[in-house]
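Chain residues, written in single-letter form:
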Amino acid sequence: MTVGLLLIRVVVGLLLIGHAAQKLFGWFGGHGLAGTGAFFDSIGYRPGRRLAFLAGLAELTGGLLLTLGLLTPLAAAIIIGTMIAAAAVHMRNGLWVQNGGYETPLLTRSRRWEWRSPAPAACRSTCCSR
């Protein structure tokens, strides 16, 4: 069980880091701060560029903390806050992701219970059991 939770934390954390890199740097096909800022402006989140930077920073911080298993309650809180905002943006499109819906942010937020124990403890109990 602990290995599974560790894998979920690492995968979700790395995905959030990648998503942040899309927002902040334009990596992995992202639009960078300029494009994301313009999108944020278009949906009423102003000033768009500044809020895009804060959203990217929150995703990067939450993803790093989650991946490393450090301060996981804080990481979960950061991620949940970001996902609430993401779900709000997609709410008008309905539930399903293929229509631009809020399915993915909702699923990410609902998995918060899996992030309670830090990853190093999961590693210790799996790799170093007596």
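Reading the values: rules and limits
- Residues numbered from 1 in each chain as written.
- Predicted model: local features only at pLDDT ≥ 70, side-chain atom pairs only at ≥ 80, totals over all residues.
- Heavy atoms only, no water.
- Helix = DSSP H or I, 4+ residues; strand = E, 2+ residues; numbered from the N terminus.
- Buried < 20%, exposed > 50% of the residue type's maximum accessible area, 1.4 Å probe, protein only.
- Contact = heavy atoms within 4.5 Å.
- Areas by Shrake-Rupley, 256 points an atom, 1.4 Å probe, with all protein chains shown as cover.
- Axes fitted to C-alpha atoms, helices over the stretch in contact; angles between N-to-C directions.
- Parallel < 35°, antiparallel > 145°, perpendicular 65-115°, else oblique.
- Left-handed = near helix turned anticlockwise from the far one by under 90°.
- Nonpolar A, V, L, I, M, F, W, Y, C, P; charged D, E, K, R; others polar.

With respect to the overall build of the chain
The secondary structure content of the chain amounts to six helices and zero strands. If you list the helices and strands of the chain from N to C, you get α-α-α-α-α-α. Within the chain, the proportion of its 130 residues that are buried is 33%. Sequence-distant contacts in the chain: of pairs separated by 6 or more residues, those separated by 24 or more amount to 52%. As displayed, the chain offers around 7,600 Å² of accessible surface, 69% of which is attributable to carbon and sulfur atoms.

Re the packing of helix 1 (residues 2-25) against helix 3 (residues 48-68)
Following both chains from N to C, one finds helix 1 and helix 3 inclined at 155 degrees, their axes separated by 7 Å at the closest point. With respect to their mutual orientation, helix 1 and helix 3 come out roughly antiparallel. Helix 3 is crossed by helix 1, and the crossing has left-handed handedness. Here R9, V10, V12, G13, L14, L16, I17, H19, A20, K23 and L24 of helix 1 come into contact with helix 3, specifically with A52, F53, A55, G56, L57, E59, L60, G63, L64, L66 and T67. Looking at side-chain class alone, the contact of helix 1 with helix 3 contains 14 nonpolar, five polar and three charged residues.

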